[in-house]
Amino acid sequence: MRSHHLCVLVLQLVLQSVDAQVIPAERLTDWSEPGAREAFEPVQTASILDFGGDPTGVNGCDAALTAAINSLGGPGEVLFPAGDYRFTQAINLPDSIILQG
């Protein structure tokens, strides 16, 4: 009897964790055309290189990315020319900012 209760408890925990992974339909994103610009056309651009970004991957680019985003003052696009960029912190991307490169 005790093992029956344990099985029921485990099953209930599994079902609750599966249910917690469901994303409501209104929050789903259509990824069929990544990079499509119909929804948002940036009017401002900033290159990470103009703010001290290092495309060699030697130096961190956290401050350069933050400065580039802040320079836009709202919706826009941060350009990453070809290279390797090193980040040592999590990137918090504001709404309506595109990273292009």
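To start, this report covers the structure provided alongside it. (Residues numbered from 1 in each chain as written. Predicted model: local features only at pLDDT ≥ 70, side-chain atom pairs only at ≥ 80, totals over all residues. Heavy atoms only, no water.)

### So, the nonpolar core
The biggest cluster of nonpolar side chains holds 12 residues, and these are Ala 46, Ile 48, Cys 61, Ala 64, Leu 65, Ala 68, Ile 69, Leu 72, Val 78, Phe 80, Tyr 85 and Ile 97. Here the element with the most residues in this core is helix 2 (residues 62-72); it accounts for five residues. (Core = buried A, V, L, I, M, F, W, Y, C linked by side-chain atoms within 4.5 Å. Buried < 20%, exposed > 50% of the residue type's maximum accessible area, 1.4 Å probe, protein only. Helix = DSSP H or I, 4+ residues; strand = E, 2+ residues; numbered from the N terminus.)

### As for the sheet that holds strand 5 (residues 97-100)
The three strands lie next to each other as 1-3-5, forming an open sheet whose pairing is parallel. Each of the sheet's edge strands pairs with one partner strand only, and the pair in question is strand 1 (45-47) and strand 5. Averaged over neighbouring strand pairs, the angle between their axes works out to 20 degrees when direction is ignored. Of the pairings in the sheet, the one linking strand 1 to strand 3 (residues 76-79) comprises three bridges and is parallel in character. Directly across from Thr 45, in strand 3, lies its bridge partner Glu 77. Helix 2 rests against strand 1, strand 3 and strand 5 of the sheet, and its axis sits at about 150 degrees to strand 3. (Pairing = 2+ DSSP bridges. Axes fitted to C-alpha atoms, helices over the stretch in contact; angles between N-to-C directions. Contact = heavy atoms within 4.5 Å.)

### A look at the packing of aromatic side chains
On inspection of all chains with the given rule, the structure shows two aromatic pairs. Measuring from ring centre to ring centre gives 5.1 Å for Phe 80 and Tyr 85, while their planes differ by 90 degrees; the resulting arrangement is edge-to-face. Taken together through their ring pairs, the aromatic side chains of Phe 80, Tyr 85 and Phe 87 make up a single cluster. (Phe/Tyr/Trp six-rings, centres within 6.5 Å; stacked < 30°, edge-to-face > 60°.)

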